[in-house]
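One letter stands for each residue in the lines below.
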Amino acid sequence: MQTRVLTGITTTGTPHLGNYVGAIRPAIEASRRADVDAFFFMADYHALIKSEDAARIERSRLEIAASWLAAGLDPQRVTFYRQSDIPEIPELTWFLTCVTAKGMLNRAHAYKAAVDKNAENGEDPDAGVTAGLYMYPVLMAADILAFDAHQVPVGRDQIQHIEMARDIGQRFNHIHGHDFFVLPEVLIEDQVATLPGLDGRKMSKSYDNTIPLFAGGKKQLRETIMRIVTDSRTPGEPKDPDSSSLFTIFRAFASEAETAEFRQALLDGLGWGDAKQVLYERIDADVAPMRERYEAFMADPMAIEAILQQGAQKARMIATPKIAALRDALGLRSAGKATTVAAGQPKAAAKQGKMPRFASFRDADGKFRFRLFSAEGEELLLSMPFADPKAAGALQKRLKTLGAAAAVMQIKAQGMALELDGEAVASTPDYRDEQLRDDALAQLREALDQLAAQD
Ligand code: TRP
């Protein structure tokens, strides 16, 4: 089974070494694992909450996309997109807003900090607080729940948001009587280093102590490294590696052997100026090839645009059917369509005693498979092959109780795949066009609901 791992990057800044070591590098490494289905996106709607500077947001979207691609993200493998290219996200945000307790949002750290600050200054509690800041956690929950992410790697400051996403998803599931959403787990990577910045505090834009990853090229990288604060020990005097941010940064890039060598050199009295040169050279050995790709991407924004558009298409293949199922469940359906639950009326086919049915068979390889037919006898699904007939039986059993709303459908080039626990378990026949595919999806949903209502 694949684990769907999803994370967002707010597009207000330019990536620095701390972002690279703490987020970009581990995320890309994880995305290469066979058991990981990675979704990385640019949270540009969230950026609007933090910045009204359109030029800055535009630049940041481009720089962040180019940085991740240059650092080795494979857009064929990873679903890589911009939040603002997925209209299902704001739509889901509203559905979730309607089940979110206002009192919970009152307790969100960022909002509370703003209110506390106002109180300290004797201002109205909500002075300068936008509804966007207040709604931040709900938008973030929609980012996650729209794709049924299992794991969300974030920094510690974001843990509360993931807890809220779980809470909101759970409330929605509970109110609407179905497991519509996977409840996400927070993933805190304890092994990844937090880099110290120029002044020894955590490297962060808000402390203005960052070392840029690509911006300004080699020259800027070297000049910034030369500004790292050290103690006043002179060349020849032994240095303490463990209290030096220079050493901590070095270690985040170097092998164990290189690190041991650098440690010894410091103990032996290597001067800080020379140590900085060593650090610069070590970092640049990793960064230089990526910087070349970064500059090529930055010179060709249309290439980035094409990659992100493709990513949005891939993401929407999941989000579109998901939101369609939610609309249906919420009662936002076509007036022409017979209701399944509200009217409490059995379907015409069911009235005549006709139900969707399964047909099991062994294929040419001797594997066990089955088909699902609609009450009217049309083929809806073909299961994957199973070596063990019991596994095929267990899947049939699950499909019988699944219901349309919980069905995760993935749109393929021609047909669709049904996913359970992140794995495709059955597929529809291929359809000639979108209309036929949409009709088939509606039929399949109806059949799943009929089965689920059966007992
Ligand atoms: N709020 C996150 C941050 O500032 C960015 C983000 C937005 C995010 N949506 C997300 C992270 C969804 C994980 C999942 O770091």
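A quick note: this is a predicted structure, and the numbers were derived from the prediction, not measured. By convention here, each chain's residues receive numbers from 1 onward along its written sequence. In keeping with the model being predicted, local features are shown solely for residues with a pLDDT of at least 70 and side-chain atom pairs are shown and tallied solely at 80 or more, while totals for entire chains, interfaces and linings include all residues. Think of the side-chain values as coming from all heavy atoms in the structure, minus any hydrogens and water.

Some remarks on the domain arrangement of the protein
Okay, step 1: Taken domain by domain, the protein comprises domain 1 (3–191), domain 2 (214–298) and domain 3 (318–454).
Okay, step 2: For domain 1 versus domain 3, the separation of C-alpha centres amounts to 32 Å.
Okay, step 3: Contacts are assigned to residue pairs with any non-hydrogen atoms lying within 4.5 Å of each other. Between domain 1 and domain 3, the contact holds 17 residues from the first and 17 residues from the second.
Okay, step 4: At the boundary of domain 1 with domain 3, total buried surface from both sides reaches about 1400 Å², with 70% on carbon and sulfur atoms.
Okay, step 5: The quantity reported as buried area is the accessible area (1.4 Å probe) lost by two parts once they are put together, taken as the sum for both. On the domain 1 side of the interface with domain 3, the three residues burying the most area are Glu88, Phe95 and Phe180, jointly 35% of the side's total.
Okay, step 6: We count a salt bridge whenever a side-chain nitrogen from Lys or Arg sits within 4 Å of a carboxyl oxygen from Asp or Glu. Applying the counting criterion to the domain 1 and domain 3 interface returns three salt bridges.
Okay, step 7: In this structure, the salt-bridge partner of Glu91 is Arg327, at a minimum N-O distance of 2.5 Å.
Okay, step 8: Counting of polar contacts relies on pairs of N or O atoms within 3.5 Å, with two restrictions inside protein: one atom must be capable of donating a hydrogen and the other of accepting it, and residues adjacent in sequence are counted only when both atoms are side-chain atoms. One can count five residue pairs in polar contact (both at pLDDT 80 or more) joining domain 1 with domain 3.
Okay, step 9: Broken down by element, the side of domain 1 that touches domain 3 gets its largest block of residues, four residues, from helix α4 (residues 88–97). These domain boundaries are the output of an automatic or database domain assignment. Helix and strand definitions follow DSSP, with helices as H or I runs of at least four residues and strands as E runs of at least two, each counted in order from the N terminus.

Digging into the nonpolar core
Okay, step 1: As used here, the term nonpolar core means buried Ala, Val, Leu, Ile, Met, Phe, Trp, Tyr and Cys residues forming a set that is joined through side-chain atoms within 4.5 Å. Exposure classes here rest on a 1.4 Å probe applied to the protein chains alone. A residue is buried below 20% of its type maximum, exposed above 50%, and partly exposed in between. With 52 residues, the main nonpolar core has Leu17, Trp68, Phe80, Ile211 and Ile283 as its most contacted residues.
Okay, step 2: The leading source of residues in this core is helix α12 (residues 272–298), at nine residues.
Okay, step 3: Looking at this core, you find at least three residues from each of domain 1 (3–191) and domain 2 (214–298).
Okay, step 4: Setting aside residues no more than four positions away along its own chain, Ile283 makes contact with Leu17, Leu221, Ile225, Ile249 and Phe253.
Okay, step 5: Listed in part, the 45 residues of the second largest apolar core include Ala43, Ala141, Phe180 and Phe181.

Regarding the site of the ligand
Okay, step 1: Throughout this document, a residue counts as near a molecule or strand when at least one of its heavy atoms sits within 4 Å of that molecule or strand. In the neighbourhood of the ligand, 15 residues make up the surrounding shell, with Gly8, Thr10, Tyr136, Asp143 and Gln158 lying closest.
Okay, step 2: For the ligand, a nitrogen atom lies 2.7 Å from a polar atom in the side chain of Asp143.
Okay, step 3: Between the ligand and Gln158 there is a distance of 2.9 Å, counted from a nitrogen atom to a side-chain nitrogen or oxygen.
Okay, step 4: Areas reported as accessible are Shrake-Rupley estimates using a 1.4 Å probe. Residue values count occlusion only from the protein chains shown. Here the ligand has 360 Å² of accessible area as a free molecule, and 89% of this is covered by the chains.

A few points about unusual backbone geometry
Okay, step 1: Backbone geometry places Asp148, a non-glycine residue, at a positive phi of 50°.
Okay, step 2: Within the fold, Asp148 resides in the loop between α7 (131–145) and β4 (151–153).
Okay, step 3: Overall, Asp148 belongs to the buried group, its relative accessible area being 6%.
Okay, step 4: Even without glycine at this site, Asp208 takes up a positive phi of about 55°.
Okay, step 5: Looking at the element boundaries, Asp208 is found in the loop between β5 (185–187) and α9 (217–225).

Here we look at the side chain of Lys276
Okay, step 1: Mapped onto the elements of the fold, Lys276 is located in helix α12.
Okay, step 2: The charged-residue count follows a simple rule in which Lys and Arg add positive charge and Asp and Glu add negative charge, with His and chain termini not counted at all. Put simply, Lys276 is tucked away with no salt bridge, and the nearest opposite charge, on Asp231, sits 9.8 Å away.
Okay, step 3: Separated by 2.9 Å, the side chain of Lys276 and the backbone oxygen of Met226 make a polar contact.
Okay, step 4: Lys276 has contacts with Ile225, Met226, Arg227, Ile228, Thr230 and Leu246, leaving out every residue within four places of it along the chain.

A look at the sheet that holds strand β10 (residues 416–420)
Okay, step 1: With antiparallel pairing, six strands are arranged side by side in an open sheet as β6-β7-β8-β11-β10-β9. At either end of the open sheet lies a strand with only one pairing partner, and these are β6 (357–362) and β9 (408–411). Averaged over neighbouring strand pairs, the angle between their axes works out to 35° when direction is ignored.
Okay, step 2: One bridge is not enough; two strands pair if DSSP finds at least two bridges between them. With three bridges connecting them, strand β7 (residues 368–373) and strand β8 (residues 379–383) associate as antiparallel partners. Bridge pairing in β8 links Leu372 to Leu381.
Okay, step 3: The axes used here are C-alpha line fits, helices contributing only the stretch in contact, and every angle between their N-to-C directions lies in the interval 0 to 180 degrees. In the packing of helix α15 (residues 389–402) onto the sheet, contacts are made with β6, β7, β8, β10 and β11 (423–427), and the angle to β7 comes to roughly 25°.

Section: the pairing of β10
Okay, step 1: Of all five residues making up β10, five are buried, and the element is well covered by its neighbours.
Okay, step 2: Burial of the side chains of β10 extends over both faces: Met416, Leu418 and Leu420 are buried on one face and Ala417 and Glu419 on the other.
Okay, step 3: Adjacent in sequence and paired antiparallel, β9 and β10 are bridged by four residues.
Okay, step 4: Of the pairings in the sheet, the one linking β10 to β11 comprises four bridges and is antiparallel in character. Following the sheet pairing, Leu420 is matched in β11 by Glu423.
Okay, step 5: Linking β10 back to β11 in an antiparallel pair, the connection comprises two residues, with Asp421 at a positive phi of about 50°.

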